[in-house]
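# Structure at a glance
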Amino acid sequence: MSADIQSGASAPDIQSGASGPGTQSGASGPGTRSGAEIALQGLEKRFGALEVLRGLSLQVRPGELFTLLGPSGCGKTTLLRILAGFERPDAGDVRADGSSILHLPPHRRGMGVVFQSHAVFPHLSVAENVAFGLRERGVSGAELAARVATALERVRLPGLGARRPDQLSGGQQQRVGLARALAIEPRALLLDEPLSSLDARLRVELREEIRELVRALGLTAVYVTHDQEEALAISDRIAVLERGEALQVGAPAELYGRPATRQVAAFVGRMNFLTPDQARAIWPAAAAGATVAGATVAGATVAGATVAVRPEDLLLEEPGSAAEGLAGQVLRRSCLGSLTTWVIGDPGPDAPRLLVERHRASAGPDPAEGAPVRLRMRPGSGHLFDPVSGARLEPGP
């Protein structure tokens, strides 16, 4: 491998020594480094009249996998590019371990970047691609070969250094990009939707590998995705972004179980938002009156708020099994392997519908399409949101 690397074609001069096509960063020397603490402070960014970031501040703890989650156009990729040094904010600061890095070029920030596209040099071998950032930092000889071999081993590509990118699958090419970022031994790994071009099964496999590598190497990782399942599966904490602002920052279980706003509830996982009539039938306590945000709220007022429930917290029952609950009809039943889903409602085209989910191992009726059913809500599982601001309201006893 050593001879193959050293005799490789000279790599193009890209981004003033960044370690890949349009990339990246790092430090030389053997071994791994402790993860950096990253602070994004009051970041603002405009592209013409478009305001992309609006005074955004976030704190990323050392060694955590921190995900920026949101729809297209929310500012997450722009934020990552500012952190990497490929964009400069109009206002605000970026700090690593307490020191500002805004003045530093990308290759001096200690950041390894993995892109959405595989971003490998097609004219270089796998080993030469991985070695690119190391060469830019003056690493050569036996150390260069050893670090390339270690990086390929970490991403499960041992022995493939002599191959060209066009001889690899899409998943293998993305592993090459990951190996190149790891070879420079960064303190932070930045990943911009790295799995979006892969098939579903490979996405699950690679996201677990990335999670294991981040933990094993003690890296801080900032991960960008619009895939909420991906974010929930691998993150220590998640920032949900919308229109350049952070709606909520927290652990996956916190965002899913206690969404701070209606927007977060809608974006993180599936959520049923009930009509007033559905709310009164499914959540009798709300219809009778509940204590919300410290004040007693009449049933009509609670119904005016946004009432929501997760699909797994709706209970399917036979039509005559209880006096309480919402009557409906199974409009669609789907088997998703370990999960079964039902769409419940009235047959009319504009009638409101609710989604119910249950794991196959859980007990309960299994109504077919067209069957009448009754729905109840699992006690304590409802969510209330202010009808104007969308902020979460806390129902009392």
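Note that the structure is predicted; figures quoted are calculated from it, not measured.

Conventions and cut-offs
Residues numbered from 1 in each chain as written. Predicted model: local features only at pLDDT ≥ 70, side-chain atom pairs only at ≥ 80, totals over all residues. Heavy atoms only, no water. Axes fitted to C-alpha atoms, helices over the stretch in contact; angles between N-to-C directions. Helix = DSSP H or I, 4+ residues; strand = E, 2+ residues; numbered from the N terminus. Parallel < 35°, antiparallel > 145°, perpendicular 65-115°, else oblique. Left-handed = near helix turned anticlockwise from the far one by under 90°. Contact = heavy atoms within 4.5 Å. Nonpolar A, V, L, I, M, F, W, Y, C, P; charged D, E, K, R; others polar. Expected span 1.5 Å × (residues − 1). Buried < 20%, exposed > 50% of the residue type's maximum accessible area, 1.4 Å probe, protein only. Arc of directions from axis to C-beta.

### Examining the packing of helix α3 (residues 126-136) against helix α5 (residues 170-183)
Orientation of α3 relative to α5, taken along the N-to-C sense of each, is 30 degrees, at an axis distance of 8 Å. With respect to each other, α3 and α5 are oriented roughly parallel. Crossing hand, α3 versus α5: right-handed. Residues V126, N129, V130 and L134 of α3 lie in contact with α5, whose contacting residues are V176, A179, R180 and A183. The class makeup of the residues in the contact of α3 with α5 is six nonpolar, one polar and one charged.

### Looking at helix α4 (residues 141-154)
Quick reminder: α-helices carry 3.6 residues per turn. Residues three or four places apart thus point the same way. The first and last C-alpha atoms of α4 sit 20 Å apart over 14 residues, in line with the 20 Å expected at 1.5 Å per residue. Within α4, burial applies to L144, A145, R147, V148, A151 and L152. For α4, the arc enclosing every buried residue in end-on projection is 165 degrees, short of the 170-degree limit, so these residues lie on one face. Counted as exposed and oriented over 90 degrees from the buried face of α4: A142 and E153. The first or second residue beyond α4 is R156, which carries a positive phi of 65 degrees.

### What to know about the packing of α3 against α4
In contact at an axis separation of 9 Å, α3 and α4 are set at 120 degrees when each is read in the N-to-C sense. If you check the angle between α3 and α4, you find them oblique. Between α3 and α4 lies a crossing whose hand is right-handed. Residues V126, A127, V130, A131, L134 and R135 of α3 touch α4, and the partners they reach there are L144, R147, V148, A151 and L152. Along the lines of polarity and charge, the residues of the contact of α3 with α4 split into nine nonpolar, no polar and two charged.

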